[in-house]
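One letter stands for each residue in the lines below.
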Amino acid sequence: MVTNDYVTTIGNEYSKMEDEYVRKHHKHETKEQQCSSYIVKHIKAPVHLVWSLVRQFDQPQKYKPFVSRCIVQGDLQIGSVREVNVKSGLPATASTERLELLDDEEHILSMRIVGGDHRLKNYSSIITVHPEIIDGRPGTLVIESFVVDVPDGNTKDETCYFVEALIKCNLKSLADVSERLAVQDQTESIDSM
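Residues numbered from 1 in each chain as written. Predicted model: local features only at pLDDT ≥ 70, side-chain atom pairs only at ≥ 80, totals over all residues. Heavy atoms only, no water.

**Thoughts on the packing of aromatic side chains**
Then step 1. The final tally for this structure, using the stated rule, is 1 aromatic pair.
Then step 2. Here tyrosine 123 and phenylalanine 146 contribute two aromatic rings whose centre-to-centre distance is 6.1 Å and whose plane-to-plane angle is 10°, an arrangement assigned as stacked. You can see tyrosine 123 sitting in the loop between strand E6 (108–116) and strand E7 (124–134) and its partner phenylalanine 146 sitting in strand E8 (residues 137–149), a full 23 residues away along the chain. For the pair tyrosine 123 and phenylalanine 146, one class covers both residues: buried. (Phe/Tyr/Trp six-rings, centres within 6.5 Å; stacked < 30°, edge-to-face > 60°. Helix = DSSP H or I, 4+ residues; strand = E, 2+ residues; numbered from the N terminus. Buried < 20%, exposed > 50% of the residue type's maximum accessible area, 1.4 Å probe, protein only.)

Put into C-alpha cells, the structure is as follows:
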C-alpha cells in the first residue's frame, strides 16, 4: 500500500524521485505477521524548516497532534528513549520509543517503539525529508515508512490502514505547522527590508 497525497505536478517526475528515495532509505524487513507501507507528503515550506521540526525527537508534540507530552531520558543521541503521553481518543495512553537513527546531513530519522499500552508491537519507522520545488518555490518531500506486527484479531489491511491514518494526521499537521512558519519567515524578511 502506498498513499501519495497532495501532488500537483506534470508527468511522473515526483513518482520517480519518490521511488528512488524509498528504495534508498525505506527498507524494512517484513515478517509473515507484519505489515509495512509508506506515506508521501509534499509540503510548501523549505526543507531546513521542515527538518527542524522532524528532527526534534524530544519534542514530537510540536507537530504530532496526538502527543500531549514527551520526556527524553538523557542526552538526545542514537539510543535515546522517550516516554510519550498520548491524548485521549486513541486506544493508548503512553508509548516508549527509542531513537534508532538521526542523520542531519541526509535528513533521516528512525525510531522504534519499545513499550507502551498499545497494540503497535515491533513498530519501527523511518522518516526522510528531501528538498523539492513546488509551484516555483522551495518545498519539501516527506516520506514516512513503517513496519509493525499485525495484532491478533486484525488483518494486515486493517493494521496498515490504522497506522497510515495516524501518519497522515501527523504529516498533515507537519505540513500545516511548517507552511505557517514559512509564511511567517517570508513576512519577517519583507518587514526587515
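Next comes the rest of the description.
**Overview of the pairing of strand E2 (residues 34–43)**
Then step 1. Judged by how many residues are buried, E2 sits mostly within the fold: 9 of 10 residues are covered.
Then step 2. In this sheet, E8 lies alongside E2 in antiparallel orientation, the contact comprising 10 bridges. Its bridge partner being in E8, cysteine 35 is matched across the sheet by valine 148. (Pairing = 2+ DSSP bridges.)

**Considering the pattern of salt bridges**
Then step 1. Overall, the coordinates contain 6 salt bridges when judged by the stated rule.
Then step 2. For lysine 44, the salt bridge goes to aspartate 135, with nearest N and O atoms at 3.3 Å. Of this pair, lysine 44 sits in the loop between E2 and helix H2 (47–54) while aspartate 135 sits in the loop between E7 and E8, and the two are 91 residues apart along the sequence.
Then step 3. Note on lysine 44: relative accessible area 41%, which makes it partly exposed.
Then step 4. The partner of glutamate 100 in a salt bridge is arginine 98, and the shortest N-O contact between them spans 2.5 Å.
Then step 5. You can call glutamate 100 partly exposed: its relative accessible area is 27%.
Then step 6. Overlapping salt bridges bring together Arg98, Glu100 and Arg112 as one network. (Salt bridge = Lys/Arg side-chain N within 4 Å of Asp/Glu carboxyl O.)

**Notes on the nonpolar core**
Then step 1. Counting 32 residues, the largest nonpolar core has Val50, Val54, Leu109, Tyr123, Val142, Phe146 and Leu174 as the members making the most contacts within it.
Then step 2. Only E2, H2, E6, E7, E8 and helix H3 (156–191) provide two or more residues apiece to this core.
Then step 3. Filtering out sequence-adjacent residues up to four positions away, phenylalanine 146 remains in contact with His28, Cys35, Ser36, Ser37, Tyr123, Ser124, Ser125, Cys160, Val163, Glu164 and Ile167.
Then step 4. Of all hydrophobic cores here, the second largest spans 6 residues; its members include Tyr21, Val40, Leu141 and Ile143. (Core = buried A, V, L, I, M, F, W, Y, C linked by side-chain atoms within 4.5 Å. Contact = heavy atoms within 4.5 Å.)

**Some words on the environment of cysteine 35**
Then step 1. Relative to the assigned elements, cysteine 35 resides in strand E2.
Then step 2. Given the relative accessible area of 4%, cysteine 35 is considered buried.
Then step 3. Each C-alpha atom of the pair cysteine 35 and valine 150 lies 6.5 Å from the other, and the pair is 115 residues apart in sequence.
Then step 4. Leave out the neighbours within four places in its chain, and cysteine 35 touches Thr30, Phe146, Val147, Val148, Val150, Lys156, Thr159 and Cys160.

**Describing unusual backbone geometry**
Then step 1. Backbone geometry at histidine 107 places phi at a positive 60°, although glycine is not the residue there.
Then step 2. The residue histidine 107 is located in the loop between strand E5 (94–103) and E6 in this model.
Then step 3. Take histidine 107: its relative accessible area is 17%, and that puts it in the buried class.
Then step 4. Unlike most non-glycine residues, asparagine 122 shows phi in positive territory, near 55°.
Then step 5. Looking at where asparagine 122 falls in the secondary structure, it is placed in the loop between E6 and E7.

**So, the pairing of E5**
Then step 1. One ladder, built from 5 bridges, connects strand E4 (residues 81–86) with E5; its direction is antiparallel. Within the sheet, the bridge partner assigned to arginine 82 lies in E5 and is glutamate 97.
Then step 2. Where E5 and E6 come together, 8 bridges link them in antiparallel fashion. Following the sheet pairing, serine 95 is matched in E6 by glycine 116.
Then step 3. The turn joining E5 and E6, which pair antiparallel and follow one another in sequence, is formed by 4 residues; a positive phi near 60° is taken by histidine 107.

**Observations regarding the confidence of the model for the chain**
Then step 1. Averaged over the chain, the pLDDT score is 87; the fraction of residues at 70 or greater is 88%.
Then step 2. When mean pLDDT is compared element by element in the chain, H2 scores highest at 97, while strand E1 (residues 2–5) scores lowest at 40.
Then step 3. Per-residue pLDDT stays below 50 along residues 1–12; that stretch engages in 29 contacts with residues further than four places along the chain or on separate chains.
Then step 4. Here residues 189–193 is a poorly scored stretch, pLDDT under 50, and it has 0 contacts once near neighbours within four places are set aside; other chains count. (pLDDT = per-residue confidence, 0-100.)

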